[in-house]
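As a plain string of letters, each chain reads:
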Amino acid sequence: MSTLAVSVVGGWSPSRRFLIAVAVAACTVLAALSLPSASPRTVPAVHAAVLPVAAVGPVSAAVGRVDRAYWVHGTRATNPVQNLRIGFSPAGVSVRNGAGSVALSLIGFGRSGAVRQVGHVTPLARANRVLYAFPGIRAWYANGPAGLEQGFDVARAPSGDSGRLVFSMALAGSLRARMAGDSVMLGGSLRYTGLVAVDARGRRLPASMQLRGDRLALTVDDRGARYPLRVDPFVQAAELTASSPSTQIALGYSSAISGSTIVVGAPAATVGAAASQGDVLVFTEPSSGWASTSTAAVLTASDGAAHDSLGFSVAIDGTTIVAGAPAHNGVGAAYVYTEPSNGTWTSATQTAELTPTGAQNGYLPVAVSGSTIAIGRGFQAGSHSQQGAVDVFVKPAGAWANSSTPAVLTAADGVAQSVLGVTVAISPSTVSPTTIAAGAQTGGGSGSAVYVFSQPSGGWATTSTPSAELQVGTSSIFGGEPQLADSGSTIAVGNATATVGSNAQQGNVSIFSEPTTGWANAPSPSATLTAASGGAGDDMGFTVSASGTTIVAGAPSAGSGQGAVYVFDQPATGWATTGTPAQVLTNSPAGPAGELGYSVGISGGTVIAGTRAHDLGEFVFDIPGSGGGGGAGGAGATAPPVATTRPVVSGTAKAGHTLSCSPGSWSNSPTRYAYQWSRDGTPILGATNATYKVQKSDEQLMLACTVTASNAKGAGPAAASARKIVPVPKVKGCPSATGSLSGVKLGLVKLGMTRAAAHKAFKHSSNRGEKYEDFFCLTPIGIRVGYGSAAVPKRFRDKVIWASTSSAYYTVKGVRAGATVTAAAKTLTLSRPFKVGRNTWYFAPEADTNAIFKVRGGVIEEIGIALKSRTSTPAAKRKFLKSFS
């Protein structure tokens, strides 16, 4: 079972919860403050925005590329959401809003002590981007809903043997600059903060900023860095007003994340001539991290119409995306999208359309987990009772298909205005059997409730008998958004209307623990979390999220509307009633009436907290503790932690299984642990949690976990676990490990053999057939095979024209998957790179074939062979790659 976080709030209404736009970035974004007030949004937010810190820049820039409102015309541009007027000249960029103006100019670059002046260059504009091409460095700007993003790309290390990289910038304008901690405040309108520098491997580099008069210096320690580098500061708005709905597409109305894929709903987007038909944007993290530019795929509805509001709610699990369109045909619909077999999301219409069993006048919440999709029908148009229900659709054998015949979940004890299904959540696909949780404003008792439905042994079926009903407080107003995390057997329910002591509506969080025999009715929680430092009207529990054994609760009304987020760690003995959170997170410097905690999310040791007063702006906090009761200890530490026993990796080292890293023992009371998994000594990009799911590409390689502990005195030296090898499974029918790849054969596959012959050769292995592509032997480490389609001459049709593998067993002249392109170029004659989707491809001529290499982030992911006659020219190579990448 997984942790379920549910939020219960008082006085919920469509006017209470306004649009929260997605906003987290690790790039420069110039965004306006103290702007003239615009028309407020009047529709409730659907999901808390939970995005990686560096994602909002690429997301915003990608939206600006398709929305001409952000394009540069000549030397000028406007930003309708931020109310900015922007000018570009050879000297730099100027930005003006209602509070004043600021001008930024790059005037020098180099190593400390040897900074060279850069002259003026003519800016080059295309769509929403402007480029300044200085010698050895490129400065660029991208206009989008989040503001004006700025960045620097450095192709190679500047001359000089020592000293940090320095970017010297001149500031001018009416907004006075001053340092505020590690940020630069520009008047009362803008804050320049969040400096991030990333090398070609996606590794974060130490960076800082200094202000002296009207000169701003950004410094980066590039020791050990692999070039090229990208440097992105972040100018953050301290306060933003809502923009008019007519000037924005409601980007971030809903959002969801799964692995390295982000889904963002834009329900107010115009599609063709259809206003507010809505669409969904899909962003995939580049191999070099979110700080690099990403391109959005746009998902639409083939039968969409004006005001359908597709994207009002979104959900994702692995390769399946679900998006709600609450106004479609007056009933609503949930559209299902499936990632293409090549692993790259592209703009497309739906795979299937699911129709709920009752008309809607709410926001049609959706959830997906594995082969199950749930649609909430809390608000039913045409029914004054509004008892509510949840529709459950199960994926047919093979693929999702159009359907209007779901299983319907209701509660027999539901009463008028129950609004069952105002929010829905499904346990992760790793949990079996599946559990669906549904929030209701009123349960069979006297207060709000969460109904828990467990999947029967025969599969989902219509029922009015939940497995359990969990009673929450005495309030009859429910407006929360249940969220299932991926660990633990706990349901956490936020109740913002709860009275704590004599403090009305201070709010609390109720904890329900699953009994060993399964979920059962619970008239009261097993523990209650409060904040002893809280006060009346704080609304703690307005939003709740959980990760592992850590729960965070938003209190958006705390501090006269500034807001706060409370972090609770589960004690080693289990959850217990407490008024002492491990941490209290606030926005510093404080923003006026920002309502921090209006949305919250947690992943590992990072908390993301949204505010209603910020458009495309959320705050990111690193929290102490490893999710095991670490609490807020370490305040009295006299030195950083030092490892006394090394970390230990446990679990089965097998593809598809999850390894866990225990931090070992440390001195000096650590308050936080940071994790980094490595493969054969090389850090794995993005693998920074205490757990790691073993990949096929890890087979035959060594995995290890490095832990860095910190406390109030700082971080101690890192400690590494023993290395754990991932064996290659033996599957009958898979190719033997020859250790080399040459000629026209790759294992059992030979170029030119028919598809039938290939299947015969692999008859004892697992395979997945696609229209013109097969995956053999525990894909993807086995062999990927492409066949000639109807687009090629008849002699090539239905025959193998390429084969590739990510297995480290095979090499081409000593080059194997996992090697860098730089190393490969020393022994192979590589073609120019071909960029297709997220991947870069290279060819190398062989005697009978062309060797082929798939590369991401400068590292070879696959090696293979391709029919030389189909890849003889650059044009033929590109056409060939588009068919199989």
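Asks: Could you give an account of the overall build of the protein, with specific residues and numbers?
Replies: Helix and strand counts for the protein come out as five helices and 68 strands. Residues counted as buried form 55% of the 885 residues belonging to the protein. Considering only contacts within the protein whose residues lie at least 6 apart along the sequence, 60% involve residues at least 24 apart. Accessible surface computed for the protein: about 33,800 Å², of which carbon and sulfur atoms make up 52%.

Asks: Would you mind going over the nonpolar core in detail, with residue names and values included?
Replies: Residues Phe-88, Phe-152, Phe-167, Leu-216 and Leu-218 are the most contacted members of the largest nonpolar core, which totals 43 residues. Those residues in contact with Phe-152 that lie beyond four places of it in its chain are Leu-106, Ile-137, Arg-138, Ala-139, Trp-140, Phe-167, Met-169, Leu-218, Leu-229, Arg-230, Val-231 and Asp-232. One finds Val-749, Met-753, Tyr-842 and Ile-863 within the second-largest nonpolar core, a separate group that totals 41 residues.

Asks: I'd love a proper account of the sheet that holds strand E26 (residues 333-338), names of residues and values included.
Replies: By definition, the strands of a sheet pair up through backbone hydrogen bonds, in either a parallel or an antiparallel sense. On the basis of which strands lie adjacent, the open sheet formed by four strands has the order E24-E25-E26-E28 and antiparallel pairing. Both edges of this open sheet fall to strand E24 (313-317) and strand E28 (352-354), since each of them pairs with a single strand only. Sheet twist, expressed as the mean angle between neighbouring strand axes with direction ignored, is 20°. In the sheet, strand E25 (residues 320-325) pairs with E26 via six bridges, with the strands oriented antiparallel. Directly across from Ala-323, in E26, lies its bridge partner Tyr-335.

Asks: Report on the pairing of strand E35 (residues 448-454), specifying residues and quantitative values.
Replies: The buried fraction of E35 is high, at six of seven residues. Sheet analysis places strand E34 (residues 435-440) next to E35, joined by six bridges and oriented antiparallel. Each bridged residue has a counterpart across the sheet, and for Ala-440 the counterpart in E35 is Ala-449. As paired elements, E35 and strand E36 (residues 468-472) share five bridges and run antiparallel to each other. For Ala-449, the partnering residue across the bridge sits in E36 and is Gln-471.

Asks: Kindly report on the packing of aromatic side chains, identifying the contributing residues and their values.
Replies: As enumerated under the stated definition, the model contains ten aromatic pairs in all. Ring geometry for Trp-666 and Tyr-673: centres 6.4 Å apart, planes at 55°, overall tilted. Taking the relative accessible area as the measure of exposure, Tyr-673 reaches 18% and is therefore buried. Members of the aromatic cluster, joined through ring pairs, are Phe-88, Tyr-132, Phe-134 and Tyr-141. The residue whose ring lies beneath Arg-129 is Trp-140, and the NZ or CZ to ring-centre distance is 4.9 Å. It is Lys-877 that lies over the ring of Phe-843; its NZ or CZ is 5.3 Å from the centre.

Asks: Account for the pattern of salt bridges, with residues named and values stated.
Replies: Taken as a whole and assessed by the stated rule, the structure comprises twelve salt bridges. One salt bridge in this structure joins Arg-215 and Asp-214, with 3.2 Å as the shortest N-O distance. Since its relative accessible area comes to 37%, Arg-215 is described here as partly exposed. Taking the shortest distance from any N to any O, the salt bridge between Arg-784 and Glu-773 comes out at 2.7 Å. With Arg-784 in strand E63 (residues 783-787) and Glu-773 in strand E62 (residues 773-776), this pair connects stretches of sequence that are eleven residues apart.

Asks: Pulling in residues and values, what's your account of the state of the cysteines?
Replies: Disulfides are covalent bonds that connect the sulfur atoms of two cysteines. The final tally for this structure, using the stated rule, is one disulfide. With a sulfur-sulfur separation of 2.3 Å, Cys-661 is cross-linked through a disulfide to Cys-705. Disulfide Cys-661-Cys-705: the torsion about the S-S bond is -90°, which places it as left-handed. Linking Cys-661 in strand E50 (residues 658-662) with Cys-705 in strand E55 (residues 702-711), this pair joins segments that are 44 residues apart in sequence. The burial state of Cys-661 is the same as that of Cys-705; both residues are buried.

Asks: An account of the side chain of Asn-128 is requested, with residue identities and associated values reported.
Replies: Note that Asn-128 resides in the loop between strand E8 (124-126) and strand E9 (129-134). According to the relative accessible area criterion, Asn-128 is buried, its value standing at 2%. A polar side-chain atom of Asn-128 sits 2.8 Å from the main-chain carbonyl oxygen of Asn-143.

Asks: Report on the side chain of Gln-277, specifying residues and quantitative values.
Replies: By the secondary structure assignment, Gln-277 is in the loop between strand E21 (261-266) and strand E22 (279-284). Residue class for Gln-277 comes out buried when judged on its relative accessible area of 6%.

Asks: Tell me about the confidence of the model for the protein, and please be specific about residues and values.
Replies: Here the protein shows a mean pLDDT of 74. Residues at 70 or above account for 71%. In this model, residues 288-293 is a region of pLDDT below 50 whose contacts with residues beyond four sequence positions or in other chains number 25 contacts. Confidence drops under pLDDT 50 across residues 624-636; counting only partners more than four residues distant or on other chains, this segment forms 31 contacts.

Asks: How would you explain the sheet that holds strand E49 (residues 648-650) if you had to name every residue and give the values?
Replies: If you trace the three strands from one edge of the open sheet to the other, you get E49-E50-E54, paired in antiparallel fashion. Only two strands of the sheet have a single partner each, and these edge strands are E49 and strand E54 (691-693). Averaged over all pairs of adjacent strands, the angle between strand axes in this sheet comes to 25°, irrespective of strand direction. In this structure, E49 lies alongside E50, joined through three bridges in antiparallel fashion. Across the sheet, residue Ser-650 finds its bridge partner in E50, namely Ser-660.

Asks: Could you give an account of the environment of Phe-843, with specific residues and numbers?
Replies: Along the chain, Phe-843 falls in strand E66 (residues 839-845). On the basis of relative accessible area, Phe-843 is assigned to the buried category, the value being 1%. For Phe-843, the contacting residues outside a window of four places in its chain are Thr-829, Leu-830, Ser-831, Phe-834, Asn-850, Ala-851, Ile-852, Ala-866, Thr-871, Lys-877 and Leu-881.

Asks: I'd like a rundown of the pairing of strand E10 (residues 137-144), residues and numbers included.
Replies: With respect to burial, E10 is a largely interior element, seven of its eight residues being buried. Two elements, E9 and E10, share six bridges in a ladder whose sense is antiparallel. Looking at the pairing, Phe-134 lines up with Ile-137 of E10. Counting the residues in the hairpin turn of E9 and E10 gives two residues, including Gly-136, whose phi is positive at 80°. Note that E10 and strand E11 (residues 147-154) share eight bridges and pair antiparallel. Paired with Ala-142 across the bridge in E11 is Glu-149.

Analysis parameters
- Residues numbered from 1 in each chain as written.
- Predicted model: local features only at pLDDT ≥ 70, side-chain atom pairs only at ≥ 80, totals over all residues.
- Heavy atoms only, no water.
- Helix = DSSP H or I, 4+ residues; strand = E, 2+ residues; numbered from the N terminus.
- Buried < 20%, exposed > 50% of the residue type's maximum accessible area, 1.4 Å probe, protein only.
- Contact = heavy atoms within 4.5 Å.
- Areas by Shrake-Rupley, 256 points an atom, 1.4 Å probe, with all protein chains shown as cover.
- Core = buried A, V, L, I, M, F, W, Y, C linked by side-chain atoms within 4.5 Å.
- Pairing = 2+ DSSP bridges.
- Axes fitted to C-alpha atoms, helices over the stretch in contact; angles between N-to-C directions.
- Phe/Tyr/Trp six-rings, centres within 6.5 Å; stacked < 30°, edge-to-face > 60°.
- Lys NZ or Arg CZ within 6 Å of the ring centre and 35° of its normal.
- Salt bridge = Lys/Arg side-chain N within 4 Å of Asp/Glu carboxyl O.
- Disulfide = S-S within 2.5 Å.
- Polar contact = N/O pair within 3.5 Å; in protein donor to acceptor, adjacent residues only side chain to side chain.
- pLDDT = per-residue confidence, 0-100.

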